[in-house]
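As a plain string of letters, each chain reads:
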Amino acid sequence: LAEKDNRICAITAAMPSGTGLTRFAEKFPERFFDVGIAEEHAVALASGIAKGGGKPVYGVYSTFIQRAYDQLSQDLCINGNPAVLLVFWGSLTAMNDVTHLCFFDIPLIGNIPNMVYLAPTCKEEYFAMLEWSLRQDSHPVAIRVPALGLTHADREIATDYSELNRYEMVKKGTKVALLALGSFFPLGESVAHILKEKAGIEATLVNPRYITGTDDTLLDTLKTDHALVATLEDGILDGGFGEKIARYYGTSPIKVLNFGARKEFVDRFDVTVFLRDNHLTAEQIAEDILAQL
């Protein structure tokens, strides 16, 4: 993309290799900015470049974007400048020491006005969202780069995300709907498979795509033939995506179960034990759903 558009530049904060920007730096040294351990400055710089008509892409680890909340809010989102943030390693399983946890970016970024935070489920969707974010000039866009290994799409992927907060109905079912966000989409597929095997339930499977808003039209359609909606997110529950869905259904008869992690600091944990303790295996999620029907 940068070969075709000389407005595109890349920014990092002492994370060039971990964000995959070393090759960009070699090819376009005059358009690559490593600001050192100064995430705050990186966001402000990206906002200024975008305001001036450039196309900045800032690559940052989930755990380190926490340092730049003020700049995200005040410098970037209040001004609505169309900078692009790539948030790497946003996952409960990415890093496991207490100073590098990548649990908290969804509540942090997902609740700032004017921000569009996208959660791709696979390689193809990630690249489609990245290309769209560089084409558009209406919003600051953050993309939560898939963090649980390389997965490929087995369906047609959208290329335009301008109509905000439109979820993708991947499979239409009844009774139970699974809203499986970003990296947890494959987990949602596994839960759907178990529900069919154990209880004959053909669950609806939804790819929310947008962390920062609700698709009210789609959520309303689920009211007609669903008794329970379950949200799955690869982060903490407090202030997260699932709570938006629970709030939306608050006055309706639909039950909502939110699956994610407890709000806590943990240090050097065993991932398998951690996921099991937070009821985040496919088998546990399916059991919890069936217990509520």
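That block above? That's the structure.
Since the model is a prediction, treat every value here as computed from it, not as a measurement.

Some remarks on the packing of helix α7 (residues 185-199) against helix α11 (residues 282-291)
Part 1: Orientation of α7 relative to α11, taken along the N-to-C sense of each, is 55°, at an axis distance of 9 Å. In terms of axis orientation, α7 runs oblique to α11. For the element pair α7 and α11, the recorded crossing hand is right-handed. On the side of α7, the interface is formed by Leu187, Ser190, Val191, Ile194, Leu195, Lys198 and Ala199, while α11 contributes Ala282, Glu283, Ile285, Ala286, Glu287, Ile289 and Leu290.
Part 2: Grouping the constituent residues of the contact of α7 with α11 by class yields 10 nonpolar, one polar and three charged.

Details of the nonpolar core
Within soluble globular proteins, side chains that are nonpolar tend to cluster in buried spots.
Part 1: With 70 residues, the main nonpolar core has Tyr58, Ile65, Leu72, Leu86, Ile109 and Leu179 as its most contacted residues.
Part 2: Per element, the largest residue contribution to this core is six residues, and it comes from helix α6 (residues 123-135).
Part 3: In this structure, Val191, Ile201, Leu228 and Ile236 belong to the second largest nonpolar core, which totals 33 residues.

What to know about the packing of helix α2 (residues 39-51) against helix α4 (residues 69-77)
Part 1: Contact geometry of α2 with α4 gives a least axis separation of 9 Å together with a crossing angle of 15°. Viewed along their axes, α2 and α4 adopt a mutual orientation that is roughly parallel. Seen along the crossing, α2 lies across α4 with a hand that is right-handed. Residues Glu40, Val43, Ala44 and Ser47 of α2 form the contact with α4, whose participating residues are Gln71, Leu72, Asp75 and Leu76.

Digging into the sheet that holds strand β3 (residues 55-61)
Part 1: Strand order across the open sheet formed by six strands is β2-β1-β3-β4-β6-β5, with parallel pairing between neighbours. Here the strands that pair on one side only, and so sit at the sheet edges, are β2 (32-34) and β5 (116-118). Shown here is a sheet whose adjacent strand axes are inclined to one another by a mean of 20°, direction ignored.
Part 2: The pairing of strand β1 (residues 8-12) with β2 spans three bridges and is parallel. Paired with Ala10 across the two strands is Phe32, which belongs to β2.
Part 3: The strands that α2 touches are β1, β2 and β3; relative to β3, the one it contacts most, it runs at about 160°.

What counts, and at which threshold
Residues numbered from 1 in each chain as written. Predicted model: local features only at pLDDT ≥ 70, side-chain atom pairs only at ≥ 80, totals over all residues. Heavy atoms only, no water. Axes fitted to C-alpha atoms, helices over the stretch in contact; angles between N-to-C directions. Helix = DSSP H or I, 4+ residues; strand = E, 2+ residues; numbered from the N terminus. Parallel < 35°, antiparallel > 145°, perpendicular 65-115°, else oblique. Left-handed = near helix turned anticlockwise from the far one by under 90°. Contact = heavy atoms within 4.5 Å. Nonpolar A, V, L, I, M, F, W, Y, C, P; charged D, E, K, R; others polar. Core = buried A, V, L, I, M, F, W, Y, C linked by side-chain atoms within 4.5 Å. Buried < 20%, exposed > 50% of the residue type's maximum accessible area, 1.4 Å probe, protein only. Pairing = 2+ DSSP bridges.

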